[in-house]
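Report on the structure
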Amino acid sequence: MARNSWLIPYFALEEEGKPLYDQAEFCNEGNISKEEIADQDIPPPFSFNIFIDGTMRLYNVGTAIPYTPLFLAVVSVAVLRRKSRRLFHTGISNSLTLLLFPFETYREYLQTENIKVSYADIERSINNFRRKFVVFKEQDLDYRRVGGREIFRSRNVLLVCDTSKRGIVQKDYSLISKEDLNNPKKIKEAATARVRYIMGLLEFSCLLSASDRFSDSYILKDGLIERYSRVKNIFGIDRQTYQDLLKNVVGFIKYPRKIPPEVMANMLHLEDFEYYRWVGKPEDDGEDSSSPSDMDELFNFALLRFRRLPRFSDAPVGIVKLQTLKTDPTTDNLKDIIKAVLQERYPLPSNHRRIYSEPYPISEAEKVAKAQLPSEAKLRGLVYALMG
């Protein structure tokens, strides 16, 4: 690595865990109401038996002139199945390695600045990774090229991500300008957002496989459900397939941040078995959307107190948000979904930081996902060997 003229060697862990997943904008469609589950003693007609969670680590592996960090990320997703009150690994889980850098902006910078650095050196460094990885560019995620199904099913994949512009399949407006190349904070934010985006796609890939294998199962996944406009060009699915896939899927947001103001003002007064509900749809964020019809899917949302912190009833601890796809206007099973989610309050997870806001099977899925990540020593040796 030290022989590279364009990169100063460095290796440090920058982020670990799961990036914030409740940051997507949802346009509130109204119909906010507060309801209560009256028949608490009657068990729900179904229970969850498939659980999905993911994790990530983001490393700074070097600094390019002038002060532009190069990031390497590893993401992992695990799918567990519950049978006879025991959790089993399904074998659907997968992991992925990402190399993140504003390549296009940096190429333009080299063309205008008097710096003794050749972009060919950068391309040579990327090609070195082919000795250990199956290398794809993020544009290959388009189903008309290689496709997300094929890439996410493959093992030992390195995805090269250009954070110069927003978007994956269709690049949109600029994220990193030439003036930003000496702003490591902004470059890290762009890299973290891209990791979050691709982790969501990897989770959706595992969701596809889980739905195919366990078609009648109800699935509880950590985080938001990916919107149709983000997955249609990655996996080549139509809207009807998307809706059929998500009919039994519930997104569980442990730390809700996007909450309607009317709900935010009163959520601390939520009692057990009370919940707020509303309907919303994602706002157009420029990510791989091609027409207004791509943004038509509606979601049911619910805010409830999953667990209560003793003697702190007015604290937001334990308040979570649920998301389900709203498809058939004649049926409403949100109350049954909430009852099924509340069945997951026990046993408690071993992670005491999330003891009030995380279901036990989700915490176990995260442990499996973390176990699939390569060690820091292995990554450090690999990076120094391949970037040299």
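Refer to the preceding data block for the structure.
A short tour of the structure in this document, coming up. Here the structure is a predicted model, which is why all the values come from computation and not from measurement.

**What about the pattern of salt bridges?**
In total, this model carries 23 salt bridges according to the counting rule given. Salt-bridge contacts for glutamate 297 lead to arginine 239; the nearest nitrogen and oxygen are separated by 3.5 Å. One end of the pair, glutamate 297, is in the loop between strand E12 (274-282) and strand E13 (298-305); the other, arginine 239, is in helix H6 (residues 239-245), with 58 residues separating them in the sequence. Classification of glutamate 297 by relative accessible area gives buried; the value is 4%. Among the ionic pairs, glutamate 376 bridges to arginine 380, the shortest N-O distance being 3.3 Å. Taken together, the residues glutamate 376 and arginine 380, both in helix H10 (residues 376-386) and four residues apart, mark about one turn of the helix. Here the salt bridges share partners, and the residues they tie into one network are Glu14, Glu15 and Lys188.

**Observations regarding the pairing of strand E7 (residues 94-101)**
Buried residues dominate E7, accounting for seven of its eight residues. Bridge count between strand E5 (residues 68-83) and E7: seven bridges; the pairing is antiparallel. When the bridges of E7 are listed, valine 77 appears paired with asparagine 94. Of the pairings in the sheet, the one linking E7 to strand E9 (residues 157-162) comprises five bridges and is parallel in character. Opposite leucine 98, over in E9, you have leucine 159 as the bridge partner.

**As for the nonpolar core**
In this structure, Leu98, Phe204 and Tyr242 are the most contacted members of the largest nonpolar core, which totals 94 residues. Of all the elements, helix H4 (residues 184-213) adds the most residues to this core, at 14 residues. Those residues within four positions of phenylalanine 204 in sequence are excluded, and the remaining contacts are Glu226, Val231, Phe235, Ile237, Tyr242, Leu245 and Leu246. Core analysis: the next-biggest nonpolar cluster, separate from the first, contains 21 residues, Phe46, Phe306, Val320 and Val341 among them.

Reading guide: rules and limits
- Residues numbered from 1 in each chain as written.
- Predicted model: local features only at pLDDT ≥ 70, side-chain atom pairs only at ≥ 80, totals over all residues.
- Heavy atoms only, no water.
- Salt bridge = Lys/Arg side-chain N within 4 Å of Asp/Glu carboxyl O.
- Helix = DSSP H or I, 4+ residues; strand = E, 2+ residues; numbered from the N terminus.
- Buried < 20%, exposed > 50% of the residue type's maximum accessible area, 1.4 Å probe, protein only.
- Pairing = 2+ DSSP bridges.
- Core = buried A, V, L, I, M, F, W, Y, C linked by side-chain atoms within 4.5 Å.
- Contact = heavy atoms within 4.5 Å.

None of the figures reported here should be taken as evidence of function without further support.
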